[in-house]
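Structural description and commentary
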Amino acid sequence: VVKVQVGVELGTASPDDLAVEIIHGEVTTTGDMAAPEITRAALVGVDGTLATFQAEVRPNRAGSLGLAVRVLPHHPDMGHVAWTGKTLWLAEDAPI
């Protein structure tokens with residue numbers, strides 16, 4: 001089991017406005033994830049405008065494991081996250 005903890009700076013958003021997902025899978029020789037799976041992270045705490053989310057990832061085989069974090073807008077009335085016009089992609093060379 002791999003425990004993943006993510007801190008998200010909320011700004012003016014509420015933790016309920018977000019879905020935090022961990023994308024994980026075996027890493028291929030080209031650096032891609034083969035058959036990635038998605039695990040939803042749960043909110044475990046809020047300190048001011050910093051929300052902490054956590055998930056447990058259970059690899060289904062030995063080898064190199066790739067992990068990525070995705071933070072998406074969330075609302076029960078949304079049909080799809082791409083419909084909002086509010087999704088921002090972090091540039092590959094952006095400092096984290």
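Each chain has its residues counted from 1, running along the sequence as written. Per-residue local features are limited, in this predicted model, to residues with pLDDT of at least 70; the limit for side-chain atom pairs, both in listing and counting, is 80 or more; totals at the level of whole chains, interfaces and linings are taken over all residues. The basis for the side-chain values is all heavy atoms of the structure; hydrogens and waters are excluded.

Salt bridge, as used here, is a side-chain nitrogen of Lys or Arg placed within 4 Å of a carboxyl oxygen of Asp or Glu. Under the defined criterion, the tally for this structure stands at 2 salt bridges. Two residues, Arg70 and Glu21, come together in a salt bridge whose shortest N-O distance is 2.8 Å. Highlighted residues: Arg70 in strand S6 (residues 65-73) and Glu21 in strand S2 (residues 18-27), separated in sequence by 49 residues. We classify Arg70 as partly exposed; its relative accessible area is 27%. For every residue, the accessible area (1.4 Å probe, protein chains only) is compared with the maximum for its type, and the residue is labelled buried under 20%, exposed over 50%, or partly exposed between those bounds. Classification of Glu21 by relative accessible area gives buried; the value is 15%. The salt bridge involving Glu56 is made with Arg58; its shortest N-O contact spans 3.4 Å. Overall, the relative accessible area of 36% leaves Glu56 in the partly exposed class. Segments assigned H or I by DSSP are reported as helices when at least four residues long, segments assigned E as strands when at least two residues long, and all are numbered from the N terminus.

The residue Pro59 is located in the loop between strand S5 (50-57) and S6 in this model. The spatial distance from the C-alpha of Pro59 to the C-alpha of Glu26 is 8.2 Å, given a sequence separation of 33 residues. In contact with Pro59, other than residues within four places in its own chain, are Val2 and Leu65. Contact criterion: two residues are considered in contact whenever any of their non-hydrogen atoms come within 4.5 Å of each other.

Let's shift gears to unusual backbone geometry. Notably, Ala35 is not glycine yet its phi reads approximately 45°, a positive angle. Residue class for Ala35 comes out exposed when judged on its relative accessible area of 65%.

Next up on the list: the side chain of His24. Within the fold, His24 resides in strand S2. Sequence-distant contacts of His24, that is, excluding residues within four places in its chain, are made with Met33, Pro36, Glu37, Ile38, Thr39, Val57, Leu65, Gly66 and Leu67.

Overall, antiparallel pairing links the 3 strands, which are arranged S1-S5-S4 in an open sheet. Taken across any chain shown, the strands that pair with only one partner, and hence form the sheet edges, are strand S1 (2-9) and strand S4 (42-47). Each neighbouring strand pair of the sheet contributes to a mean axis angle of 25°, computed without reference to strand direction. Between any two strands, pairing holds if DSSP finds at least two bridges. Pairing of S4 with S5, which is carried by 5 bridges, proceeds in the antiparallel orientation. Within S5, the position partnered with Leu43 by the bridge is Phe53. With axes taken as lines fitted to C-alpha atoms, and helix axes fitted only over the stretch in contact, angles between N-to-C directions fall between 0 and 180 degrees.

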